[in-house]
Amino acid sequence: MSSTQDLDYPQILFQYNNGFLVSKIMFTACELGVFDLLLESEGPLSSDAIAERLGTSASGMERLLDACVGLKLLGVEMKSEGAFYRNTELSNLYLTKSSPKSQYHNLMYYSKTIYLCWHYLTDAVRDGKNQYERAFGVSSKDLFGALYRSEEEMIKFMYGLNAIWSICGRDVIAAFDLSAFTVIYDLGGCAGGLAQECISLYPNSTVTIYDLPKVVQVAKERFVPPEERRITFHEGDFFKDPIPEADLYILARILHDWADDKCMQLLAKIHKASKPGGGVLLVETLLNEDKTGPIETQLYSMNMLVQAEGKERTPSQYSKLLTAAGFREIQVKKTGKLYDAILGRK
Ligand code: SAM
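Throughout this document, residue positions are counted from 1 along each chain, in the order its sequence is written. In view of the model being predicted, local features appear only for residues whose pLDDT reaches at least 70, and side-chain atom pairs are presented and counted only at 80 or more, with totals across whole chains, interfaces and linings using the full set of residues. No hydrogens and no water enter the side-chain calculation; it runs on all heavy atoms of the structure.

1. A short note on the site of the ligand
Proximity is defined per residue: if any heavy atom of the residue lies within 4 Å of a molecule or strand, that residue is considered near it. Every one of the 19 residues lining the ligand counts as a neighbour, but Tyr148, Gly188, Asp211, Phe238 and Ala252 are closest to it. Polar contact criterion, stated in full: a pair of N or O atoms within 3.5 Å, where within protein one must be able to donate a hydrogen and the other to accept it, and residues adjacent in sequence count only if both atoms are side-chain atoms. Separating an oxygen atom of the ligand from a side-chain N or O atom of Tyr148 is a distance of 2.7 Å. Residue Ala252 places a main-chain N or O atom 2.8 Å away from a nitrogen atom belonging to the ligand. Each residue is assigned to one class: nonpolar for Ala, Val, Leu, Ile, Met, Phe, Trp, Tyr, Cys and Pro, charged for Asp, Glu, Lys and Arg, and polar for all the others, Gly among them. Each residue belonging to the shell around the ligand can be placed in one class, and the counts come to 13 nonpolar, two polar and four charged.

Below, the structure written as structure tokens:
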């Protein structure tokens, strides 16, 4: 072992140790509205001006802003009157609420919900199951009953999950040529971010968002404009209720919620409903076959442990599930972004 490698160890150790401090600094600056204020302001602002406008302590705000500079979420300019802060390109693009690519709601879901579940990670590893009872005092018998324990939580979940499709949606929908599929069902389609990408890329397609009734209601009211005639809705429980016939079924971040037996149950039902020649498109983040990463996917798989009943999987694990349900001609496309695509045919 070389001494250079030895020298790197403490750096890696401290970086990992401080990981959650970094997350919380970014979440807090977002929550307080630092990036929104700096976007709206005519020019850079002093720490005192930001503290006053956002109603915080001057001492707390100065330290928060300096840490954001260290993290390259803010830039700073030293003038004779003191330090003046401005957004970086990254924060303007992703951390302001008004940006079309805003991740604000995703970050808030992490900060207010996922962070609390992760407090019980050790228990989750010991128990091998999610931690809703410890974290929120609700039964986890019905997974989405626990996730949607209040209307407010459900809406936060919908906004949080939808945000990523402004970054990755086009890549997963364009991973395969889906133009031959015109009648598309997005099962567990939630707020419709992917449905919107789909109709915008494939002009002959119509997409039906199939989801639990209360999710569909909110999707209609808040997310999908009523004039969008190519997106329709279907209220149902995909485990219990019929799934209508379609050319293509999209399952985006659905199978990762569930254990293999539930995935098999759902895929077999879809196979039965599908037209001959029809397809199923899985949109998931994929683990390497040799267990070497990607680290983001490994972290998400841990998150599935604390928050759901499933896990992230490798392409061969998904192929096995699809094959067992009767699908063939399975193709895997890595997009190079966070989410990848797998297409199977009946
Ligand atoms: N596909 C969306 C995306 O990737 O942004 C949402 C994925 S989210 C992890 C899982 C979705 O499945 C939620 O919208 C949830 O309401 C829906 N869902 C869960 N159980 C369901 C069921 N039994 N029937 C229909 N939809 C269900």
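Still more ground to cover, so stick around.
2. Details of the domain arrangement of the protein
The split of the chain into domains comes from an automatic or database domain assignment. Under the domain assignment used here, the protein contains domain 1 (3-95), domain 2 (104-159) and domain 3 (169-345). Using C-alpha coordinates to define each centre, domain 1 is positioned 37 Å away from domain 3.

3. Digging into the sheet that holds strand β5 (residues 206-211)
Read from one edge to the other, the open sheet built from seven strands follows the order β6-β5-β4-β7-β8-β10-β9, with strand pairing classed as mixed. Of all strands in the sheet, those with a lone pairing partner are β6 (231-235) and β9 (328-333), marking the two edges. Here the strands of the sheet are splayed against their neighbours by 20° on average, with no regard to which way each runs. This element, helix α14 (residues 213-223), spans β5 and β6 of the sheet and lies at about 155° to β6. Each pair of strands is called paired provided DSSP finds at least two bridges between the two strands. By definition, any uninterrupted DSSP run of H or I lasting at least four residues is a helix, any uninterrupted run of E lasting at least two residues is a strand, and each is numbered from the N terminus. Interaxial angle, 0 to 180 degrees, is taken between N-to-C directions of lines fitted to C-alpha atoms, where a helix line uses only the stretch in contact. Any two residues whose heavy atoms approach within 4.5 Å at even a single point are treated as in contact.

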